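Residue strings, one per chain:
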2 protein chains.
Amino acid sequence: LLDEVKPDLCILAINSFVKGVMEEIRLLAKKKVHVITIAEEMAYPYVTEPELSKEIDALAKEHGITVIGTGVNPGFVLDTLILQLSLGVRRVDHVYARRVNDLSPFGHTVMEEQGVGLSKEAFLKGVEEGTIYGHVGFMQSIPMIADALGLTYDEVVQKREPIMTTVDRQTKDVFVKAGMVAGCNHTAVAMKDGKAVITLEHPQQVRPDLENIGTGDYIEIHGDPDVSMVIKPEVPGGIGTIAAAVNVIPHVLNAAPGLITMKDIPVTHAIMDDFRNHLT
Amino acid sequence: LLDEVKPDLCILAINSFVKGVMEEIRLLAKKKVHVITIAEEMAYPYVTEPELSKEIDALAKEHGITVIGTGVNPGFVLDTLILQLSLGVRRVDHVYARRVNDLSPFGHTVMEEQGVGLSKEAFLKGVEEGTIYGHVGFMQSIPMIADALGLTYDEVVQKREPIMTTVDRQTKDVFVKAGMVAGCNHTAVAMKDGKAVITLEHPQQVRPDLENIGTGDYIEIHGDPDVSMVIKPEVPGGIGTIAAAVNVIPHVLNAAPGLITMKDIPVTHAIMDDFRNHLT
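Quick caveat: nothing in here was measured; it's all calculated off a predicted structure.

Basis of the calculations
Residues numbered from 1 in each chain as written. Chains lettered and ligands numbered in written order. Predicted model: local features only at pLDDT ≥ 70, side-chain atom pairs only at ≥ 80, totals over all residues. Heavy atoms only, no water. pLDDT = per-residue confidence, 0-100. Patch = residues over 30% accessible without salt bridge, like charges linked within 9 Å, V, L, I, M, F, W, Y side chains within 5 Å. Areas by Shrake-Rupley, 256 points an atom, 1.4 Å probe, with all protein chains shown as cover. Salt bridge = Lys/Arg side-chain N within 4 Å of Asp/Glu carboxyl O. Helix = DSSP H or I, 4+ residues; strand = E, 2+ residues; numbered from the N terminus. Buried < 20%, exposed > 50% of the residue type's maximum accessible area, 1.4 Å probe, protein only. Contact = heavy atoms within 4.5 Å. Domains from an automatic or database assignment. Buried area = accessible area lost by both parts, 1.4 Å probe. Nonpolar A, V, L, I, M, F, W, Y, C, P; charged D, E, K, R; others polar. Phe/Tyr/Trp six-rings, centres within 6.5 Å; stacked < 30°, edge-to-face > 60°. Lys NZ or Arg CZ within 6 Å of the ring centre and 35° of its normal. Axes fitted to C-alpha atoms, helices over the stretch in contact; angles between N-to-C directions. Parallel < 35°, antiparallel > 145°, perpendicular 65-115°, else oblique. Left-handed = near helix turned anticlockwise from the far one by under 90°. Polar contact = N/O pair within 3.5 Å; in protein donor to acceptor, adjacent residues only side chain to side chain. Pairing = 2+ DSSP bridges. Core = buried A, V, L, I, M, F, W, Y, C linked by side-chain atoms within 4.5 Å.

**So, the confidence of the model for chain A**
In regions of low pLDDT, the predicted coordinates are not meant to be interpreted in detail. On average, residues of chain A score 97 in pLDDT, and 100% of them are at 70 or above. The complex prediction reports pTM at 0.97, with the ipTM value standing at 0.96.

Spelled out as structure tokens, the structure:
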């Protein structure tokens, strides 16, 4: 297919992990095709996959292509947007952000990763065994924020807790009975000398509206000055990720070859006219 | 002084207009000193000062320096931040943003530019005669948003209206009696085929709290999907501008020579560690 189409650029939407897109990136690099991927780990792969990151960067430079991971989260709400909001801040003590979304539009795979529909016991067992992952992205967003802002931390403490429902919740793909798990409250805190430096919370569940839980994106930067931001409802995950992947195309074509991330390219935004107008 | 200190970079905070910083930029360029300025018109000077913009760009390239205008507004809240928030949007119909701030920390010059303390008649006369300017920045923010998003417009309609106070308002520098002007409600709307494409509102007044008016930054992107953001209170103008000017330093040092704007550099943010860590 690649030989037939001879694309300049490919958007990879096949897997959440660096390992899961590695073969495709190797192939695309050899064919000199730029890569935008929504694989969550690729948003900032340096910490979780240092060796593969080096390989991708070297491959990209060798073949003159640019590789980037993006999406709504990681890639935007809990990292790039936090950075942008800190522009008017001269001292950052603590970054606190919370993304409350509705998982309803997603299908079976996501429901299983989040433990939706399980009993509390099955959920906790799944977390222990690693079958319930929650959000893939904290170990990308936290290092990206820390590296950009120049913050350091000793460790990242993650927690995955069941969100129990008191009412029946129905989506197109899943039914959750009252008393069962409607989603996963996944949090990550970067600690420095026993104090939280970056706190990210991402409770994900189906039909939060049925218990009057509003969705939204919340970012607080505590420092000098404080900044407190709210987006209600949340930037939608599905459409938002499609938009982000497409909107970065000219930025990727303009960038120098290599593995890059959202903090390496000019401010990213919607584009309504011909993308070629945005090539430099 | 320049010969003695031999700076790499200078932050110019002397004037709001391109004409008002032009001589200094010419001098700094000759001395090969990068320039960051908070002159509002410099945030996106291409429309209001096309000739001077060309001259600055040519000078900067000739002498190998980078020149940028930044600040909280223009430079951040009503332009760069709007762009960043549109990343997850695939169709933009209308950008609506409103910055409600408190002018109280500012001194006499700002009060005079905004008509604070005048009677309604004196205010309207001042607007007519051009002595009351309101906000310097709309003809920077609107073209920057339009160029980045790829929107076009036929004209920009600006309005400057007095904000009358019903109570006495006192700041460190000015006293406004009930019935007099507490500030200027300056708005700008970019129209395309008779419809608003970009609407920016910036009511600026002293002590809005005395009439229970909360300050804040509000951005709504209407399209697919909608995005609705609130920052309360507003990103403070004074500290925020200082922070923005300082935080862009490494980005400016990393940039290619020339006249650039906030949409040309990687996402801008607070920096807590040694700025040299952020040089590429």
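**Re a nonpolar patch on the surface**
Residues and elements named next belong to chain A. A surface patch of nonpolar side chains, about 220 Å² in accessible area, is lined by Ile11, Ile242 and Val246. Considering the arrangement of structural elements, one finds valine 246 in helix α8 (residues 237–247). On the basis of relative accessible area, valine 246 is assigned to the partly exposed category, the value being 32%.

**Considering the environment of glycine 223 of chain A**
Residues and elements named next belong to chain A. Looking at the element boundaries, glycine 223 is found in strand β10 (residues 216–224). A sequence separation of 179 residues divides glycine 223 from tyrosine 44, and the C-alpha atoms of the two residues are 25 Å apart. Excluding anything up to four places from it in sequence, glycine 223 contacts Arg91, Val92 and Asp93.

**Re the domain arrangement of chain A**
Reports of interface size often rely on the accessible area that becomes lost once the parts have come together. Residues and elements named next belong to chain A. As far as domains go, chain A holds domain 1 (2–72 + 239–278) and domain 2 (80–235). With 13 residues of domain 1 in contact, the opposing surface of domain 2 contributes 12 residues. Carbon and sulfur atoms make up 73% of the surface buried where domain 1 meets domain 2, a total of about 1100 Å² over both sides. The interface formed by domain 1 and domain 2 contains 0 salt bridges. Across the side of domain 1 that touches domain 2, the residue classes break down as 7 nonpolar, 3 polar and 3 charged.

**So, the packing of aromatic side chains**
Residues and elements named next belong to chain A. In the structure shown here, the tally under the stated rule is 4 aromatic pairs over all chains. Judged by centre distance (6.2 Å) and plane angle (85 degrees), the rings of phenylalanine 17 and tyrosine 133 are edge-to-face. Separated by 116 residues along the polypeptide, phenylalanine 17 in the loop between β1 (9–12) and α2 (18–30) and tyrosine 133 in the loop between α6 (120–129) and α7 (138–149) bring together distant segments of the chain. Residue class for tyrosine 133 comes out partly exposed when judged on its relative accessible area of 32%. Taken together, a centroid distance of 4.9 Å and an interplanar angle of 90 degrees make the contact between tyrosine 44 and tyrosine 46 edge-to-face. One Lys or Arg, arginine 160, reaches over the ring of tyrosine 133 and ends 4.9 Å from the middle of that ring.

**Some thoughts on the packing of helix α2 (residues 18–30) of chain B against helix α3 (residues 50–63) of chain B**
Residue and element names in this part refer to chain B. Where α2 contacts α3, the two axes come as close as 10 Å, and the packing angle between them is 15 degrees. The angle between α2 and α3 places the two elements in the roughly parallel class. With respect to the hand of their crossing, α2 and α3 are arranged in left-handed fashion. Seen from α2, the contacting residues are Val18, Lys19, Met22, Ile25, Arg26, Ala29 and Lys30; seen from α3, they are Leu52, Glu55, Ile56, Leu59 and His63. Across the contact of α2 with α3, the residue classes tally to 7 nonpolar, 1 polar and 4 charged.

**With respect to the interface of chain B and chain A**
Each partner contributes to the interface: chain B provides 49 residues, whereas chain A provides 49 residues. A combined buried area of about 3900 Å² lies between chain B and chain A, and 68% of that area is made up of carbon and sulfur atoms. Seen at the junction of chain B and chain A, the total is 0 salt bridges. Summed over the shared surface of chain B and chain A, the result is 19 residue pairs in polar contact (both at pLDDT 80 or more). Per element, the largest residue contribution to the side of chain B that touches chain A is 6 residues, and it comes from helix α8 (residues 237–247) of chain B. For the side of chain B that touches chain A, the class distribution of residues is 29 nonpolar, 12 polar and 8 charged. When strand β11 (residues 227–231) of chain A meets strand β11 (residues 227–231) of chain B, the two strands line up antiparallel, connected through 3 bridges. Note on β11 of chain B: the bridge partner recorded for isoleucine 231 of chain A is methionine 229 of chain B.

**Considering the nonpolar core**
Grouped together as the largest cluster of nonpolar side chains are 92 residues, with contacts concentrated most on Leu81 and Ile198 of chain A together with Leu81 and Ile198 of chain B. Ignoring sequence-local partners within four residues, the contact set of isoleucine 198 of chain B consists of His94, Val95, Ile142, Ile145, Ala146, Leu151, Ala188, Val189 and Ala190 of chain B. Of all hydrophobic cores here, the second largest spans 19 residues; its members include Cys10, Val18, Ala60 and Val67 of chain B.

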